[in-house]
Amino acid sequence: MPERTIYLDHAATTALDARVLDAMVPYLTTEYGNASSIYTLGRHAMQAIDSAREEVADILGCRPTEVTFTGCGSESDNLAIKGIAFTSQKKGNHLITSPIEHHAVLYTCQYLERFGFKTTYVPVDTYGRVDPDDVERALTDQTILVSIMYANNEVGTIEPVAEIGRICRARKIPFHVDAVQAGGSLPLDVTELNADLLSLSAHKFYGPKGVGILYARQGVRLLPQLQGGSQERGRRAGTENVAGIVGAATALRLAYEDLPEVLPRIIALRDRLIAGVLTIPGSQLTGHPAERLPNNASFVFEGVEGESILLSLDLLGVAASTGSACTSGSVDPSHVLLAMHLPVELAHGSLRLTLGKDNTGEDVNTILAALPGIIEKLRQLR
Ligand code: PLP
């Protein structure tokens, strides 16, 4: 067994930051009150949630009342899209999204189609970029929501969300941004992004799993998707995950505090990784060469299966992915790569390496030393 894991799958999830754990521990041990209780222990829990909400609002540049804590990024996406759709049925039934969204968005739109909603999927170019003009052309008087991701989870391409938001704002159509991959590394000011709704997930920025965040601009009406108690101002029933909420807010704050130090280091590692991997014959970068997440290096290789590369890397103690976390292990080529017009055979040979704050130059050296041999060997076996 290799001595240590070289973890290069930070787009799938991240390790909990030790400082975040420290902030959470009291709410898992001594401060265990139910935030809805009126005695001191309960009030302490509610105070912790209130300050977490303020911390998040500070980073998003919004009011604390516009922040809802949910159970994950998928739930935030579901609440945003279904929540808007089911309150806007009198206005229209048309949704706009892109074919490269996460399944939390795509399958939610498909689900709504069962209730009479219709979805337009605006195309992406070969880099996976949506053209804001295409969004504008797709708008109709029936359009009730546009949902476009901030950055793609497989290829790392950053979408022109502020521009798309400006178009939607001019037509008074709510704009949802799935910012799950952007959280912790790209600016999140909702005013600058022209976003009316924005989803985040704590486990992508060194926070705990099982906590999502949904920003919804004041005045945006959402039909709650969970019935029960009146937590989160009636938007999301269920006893609050106090420790998780504290962890999510702490992680988000720390991610942006650390960013000036972390960002140049990660970008330098990513660029070295990309330059090195592209010396392998028959390799190709996927996603936009410049407008991409600082930690994402994703590729396709001719004549190899992505899953075989993953297994070979695993033997060396390297954790990587062929694309999104949810498609790991599946043999279908990625919907993202196909939407970017990559031939099916090439889409089968994908590899996504996503760096994190603890990766080192040594990690990159190990990959660059091993990968050419792995690809060559796998090609010979075919
Ligand atoms: N949206 C995007 C872009 C993602 O990458 C993910 C997770 O990979 C999600 C949504 C879902 O987030 P969660 O795992 O917290 O449900």
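Residues numbered from 1 in each chain as written. Predicted model: local features only at pLDDT ≥ 70, side-chain atom pairs only at ≥ 80, totals over all residues. Heavy atoms only, no water.

Caption draft 1: Just the sheet that holds strand E5 (residues 143-149), in detail. Pairing is mixed across the open sheet formed by seven strands, whose spatial order is E2-E8-E7-E6-E5-E3-E4. Looking at strand neighbours, the two that pair on one side only are strand E2 (67-70) and strand E4 (118-121), the edges of this open sheet. In this sheet, adjacent strand axes meet at a mean angle of 20 degrees when their direction is disregarded. Pairing of E5 with strand E6 (residues 175-178), which is carried by four bridges, proceeds in the parallel orientation. In the sheet register, methionine 149 faces E6, and the bridge partner there is aspartate 178. (Pairing = 2+ DSSP bridges. Helix = DSSP H or I, 4+ residues; strand = E, 2+ residues; numbered from the N terminus. Axes fitted to C-alpha atoms, helices over the stretch in contact; angles between N-to-C directions.)

Caption draft 2: Seen up close, unusual backbone geometry. Here the phi dihedral of asparagine 194 falls at roughly 55 degrees; this positive angle occurs in a residue that is not glycine. With a relative accessible area of 16%, asparagine 194 lands in the buried category. Although it is not a glycine, tyrosine 206 adopts a positive phi angle of roughly 70 degrees. Positionally, tyrosine 206 belongs in the loop between strand E7 (197-201) and strand E8 (212-216). (Buried < 20%, exposed > 50% of the residue type's maximum accessible area, 1.4 Å probe, protein only.)

Caption draft 3: Representation of the sheet that holds strand E10 (residues 296-301) in the model. The three strands lie next to each other as E9-E10-E12, forming an open sheet whose pairing is antiparallel. The sheet terminates laterally at strand E9 (283-285) and strand E12 (350-354), the two strands that pair on one side only. The sheet shows a mean angle of 25 degrees between the axes of neighbouring strands, direction not considered. Pairing analysis gives five bridges linking E10 to E12, with the strands arranged antiparallel. Paired with phenylalanine 299 across the two strands is leucine 351, which belongs to E12.

Caption draft 4: Seen up close, the pattern of salt bridges. In the structure shown here, the tally under the stated rule is 17 salt bridges. For the salt bridge of aspartate 196 with arginine 169, the shortest nitrogen-to-oxygen distance reads 3.1 Å. In this pair, aspartate 196 sits in the loop between helix H7 (190-193) and E7 while arginine 169 sits in helix H6 (residues 161-170), placing the two residues 27 residues apart along the sequence. For aspartate 196, a relative accessible area of 3% corresponds to the buried category. Salt bridges linked by common partners bring Asp17, Arg19, Asp258 and Lys357 together as one network. (Salt bridge = Lys/Arg side-chain N within 4 Å of Asp/Glu carboxyl O.)

Caption draft 5: Spatial organisation of a nonpolar patch on the surface. On the surface, a nonpolar cluster with roughly 210 Å² of combined accessible area is contributed by Leu16, Leu21 and Val25. Tracing the chain through its elements places leucine 21 in helix H1 (residues 18-28). (Patch = residues over 30% accessible without salt bridge, like charges linked within 9 Å, V, L, I, M, F, W, Y side chains within 5 Å. Areas by Shrake-Rupley, 256 points an atom, 1.4 Å probe, with all protein chains shown as cover.)

Caption draft 6: Here's a closer look at the packing of helix H8 (residues 242-277) against helix H12 (residues 361-381). Here H8 crosses H12 at 10 degrees, and the two axes come no closer than 10 Å. By the angle class used here, H8 and H12 are roughly parallel. Between H8, through Leu269, Arg272, Leu273, Gly276 and Val277, and H12, the contact on the second element is made entirely by Gly361, Val364, Asn365, Ile367, Leu368 and Leu371. When the residues that make up the contact of H8 with H12 are grouped by side-chain class, the tally is seven nonpolar, three polar and one charged. (Parallel < 35°, antiparallel > 145°, perpendicular 65-115°, else oblique. Contact = heavy atoms within 4.5 Å. Nonpolar A, V, L, I, M, F, W, Y, C, P; charged D, E, K, R; others polar.)

Caption draft 7: The arrangement of a negative patch on the surface in detail. A grouping of Asp125, Asp131, Asp133 and Glu136 is seen on the molecular surface, where their side chains present a negatively charged patch. Take glutamate 136: it is sitting in helix H5 (residues 132-138). (Lys, Arg positive; Asp, Glu negative; His and termini not counted. Charge placed at Lys NZ, Arg CZ, Asp CG, Glu CD.)

Caption draft 8: Representation of the packing of aromatic side chains. Evaluation of the coordinates by the stated rule reveals four aromatic pairs. Considering the side-chain rings of phenylalanine 86 and phenylalanine 115, the 5.5 Å spacing of their centres and the 90 degrees angle between planes classify their relative orientation as edge-to-face. Remark: phenylalanine 115 occurs in the loop between helix H4 (103-113) and E4 and phenylalanine 86 occurs in the loop between helix H3 (73-85) and strand E3 (94-97); sequence separation between them is 29 residues. Their ring planes at 55 degrees and their centres at 5.1 Å tell us that tyrosine 111 and phenylalanine 115 sit as a pair that is tilted. By the ring-pair criterion, three or more aromatic residues cluster together here, those being Phe86, Tyr111, Phe115 and Phe117. Geometry around tyrosine 111 places lysine 82 over its ring, the cationic atom sitting 4.6 Å from the centre. (Phe/Tyr/Trp six-rings, centres within 6.5 Å; stacked < 30°, edge-to-face > 60°. Lys NZ or Arg CZ within 6 Å of the ring centre and 35° of its normal.)

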